[in-house]
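# Close look at the chain arrangement
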Amino acid sequence: MKTLSAFAVSCFILIGISSCNKPNPAANLSAMMKKATGWPYEVLVVMDKNVWKGEAGLIIREELTMPVPALPQSEPSLHVSYSEPSCFNGFLRYVRNILLVDINPDLYTKVSVHKIRDKWSSGQYIIRLTAPSSSVLSEYVLLHDRSLVNYFEQAEQNRRIAMLSRTHSSWVIKRLQDNLGVSLFVPEEMSAYKDTSGFFWVSNNAIKGRSDIVVYSFPYSGSAEPTADLLISKRDSVLRKNVPGAFPGSYMTTAKCFPPVYERHANSMKNCCVLRGLWDMEGDKMGGPFVSYTYHDRANSRILVAEGFVFAPESKKANLIRQLEASLLTVSFKE
């Protein structure tokens, strides 16, 4: 483990920083299945060629490839590949994320959505859409904005969290529990760190695709949920003090050109909100995306913040920040 005391990313020099149960046939069957194939955030769409080339196909592609929010450059949510139904066989059936579309006026009177797990391979997520016509399907997709992309993004998030639950840094958990009373799964390769009272920072310190996580808290006795302005102000104050840059007087701050997106998170712990935005290094030409999860820990009269940020000027950043977000979703503490 290496201590982390400064954010000298440009040259990556750290200068200041037993029980017996009955057999489960379903579980045994799943264990014998071939593991799902493909890269994270890829989806295979299976539908008639004419539908794929028509309006419905275009609307579905636009839905699946909508930009990931709060990135410095536009990146698609999912990478899409296509197969005609007649060619959907063999290894294609093992793909991890699949969207099956069937349009038939003789069989269907309305749009139906079927979410299927592990049909042909283990760890597989499938949506089957059926509709009486292309126009009805198009209308449904437009009215249910992000429903398709959300499903497959959640699938990837689930996979990442499952992997982290099996393989994570145990020493980080120990330090966080001792320092902040928090548990958090981070990848084992995150080994450079800074640990002070009320603030913890860990990084993979990578030359390419650098990923960092910070966890901190501050007193808060109000009954209302903290506002975005308060959280941004506290973020800037804490990171200015604890995340210096490579040059004297340089420090991390929230980018002013892109106001962070503030949202509630329905799938996480109670009293959680999320900030997504861009960070800059004041006094240095550096920046990137961040995502910050904020928990109102009423029992301890405090706000707990777990944040991930990425510095990867030479590469795409969507998957890096989404990997960090999966780690943030593993936060747990006693309320």
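Conventions used here
- Residues numbered from 1 in each chain as written.
- Predicted model: local features only at pLDDT ≥ 70, side-chain atom pairs only at ≥ 80, totals over all residues.
- Heavy atoms only, no water.
- Phe/Tyr/Trp six-rings, centres within 6.5 Å; stacked < 30°, edge-to-face > 60°.
- Helix = DSSP H or I, 4+ residues; strand = E, 2+ residues; numbered from the N terminus.
- Buried < 20%, exposed > 50% of the residue type's maximum accessible area, 1.4 Å probe, protein only.
- Salt bridge = Lys/Arg side-chain N within 4 Å of Asp/Glu carboxyl O.
- Pairing = 2+ DSSP bridges.
- Axes fitted to C-alpha atoms, helices over the stretch in contact; angles between N-to-C directions.
- Parallel < 35°, antiparallel > 145°, perpendicular 65-115°, else oblique.
- Left-handed = near helix turned anticlockwise from the far one by under 90°.
- Contact = heavy atoms within 4.5 Å.
- Nonpolar A, V, L, I, M, F, W, Y, C, P; charged D, E, K, R; others polar.
- pLDDT = per-residue confidence, 0-100.

All chains considered together, the criterion is met by ten aromatic pairs. Judged by centre distance (6.0 Å) and plane angle (65 degrees), the rings of Trp-279 and Phe-309 are edge-to-face. Taken together, the positions of Trp-279 in strand S12 (residues 272-282) and Phe-309 in strand S14 (residues 302-311) put the pair 30 residues apart, joining distant regions of the chain. Assessed through its relative accessible area of 0%, Phe-309 is described here as buried.

Another point: the pattern of salt bridges. One pass over the structure, following the stated rule, counts 14 salt bridges. Note that Glu-84 is salt-bridged to Lys-49, the shortest N-O span being 3.4 Å. Note that Glu-84 is positioned in the loop between strand S3 (79-83) and strand S4 (97-103) and Lys-49 in helix H2 (residues 49-53), a separation of 35 residues in sequence. Classification of Glu-84 as partly exposed rests on a relative accessible area of 27%. Here the salt bridges do not stand alone but share partners, grouping Arg-96, Glu-156 and Arg-159 into one network.

The strand order S3-S2-S4-S6-S5 describes an open sheet built from five strands, whose pairing is mixed. The sheet is open, and its two borders are formed by S3 and strand S5 (112-117), each paired with just one other strand. Strand-to-strand twist of the sheet, defined as the mean angle between neighbouring strand axes without regard to direction, takes the value 20 degrees. In terms of strand pairing, strand S2 (residues 42-46) meets S4 through three bridges, oriented parallel. Each bridged residue has a counterpart across the sheet, and for Val-45 the counterpart in S4 is Leu-99.

Attention shifts here to the packing of helix H3 (residues 55-64) against helix H4 (residues 134-143). Put simply, H3 and H4 touch, their axes get as near as 8 Å, and they point 20 degrees apart. Comparing the axis directions of H3 and H4 gives the class roughly parallel. Crossing of H3 over H4 shows left-handed handedness. Of H4, the residues touching H3 (which contributes Glu-55, Ala-56, Ile-59, Ile-60 and Glu-63) are Ser-134, Leu-137, Ser-138, Val-141 and Leu-142. Residue composition of the contact of H3 with H4, by class: six nonpolar, two polar and two charged.

Per-residue pLDDT for the chain has a mean of 90; in total, 88% of the residues score no lower than 70. pLDDT under 50 marks residues 8-23. Its contacts with residues more than four places away, or in other chains, come to 33 contacts.

Position of Pro-260 among the secondary structure elements: in the loop between strand S10 (251-254) and strand S11 (261-264). On the basis of relative accessibility, which here comes to 17%, the residue Pro-260 falls in the buried class. Sequence separation between Pro-260 and Asp-229 is 31 residues, and the spatial gap between their C-alpha atoms is 9.7 Å. Apart from the residues lying within four places of it in its own chain, the contact partners of Pro-260 are Ile-232, Thr-254, Leu-275, Arg-276, Gly-277 and Phe-290.

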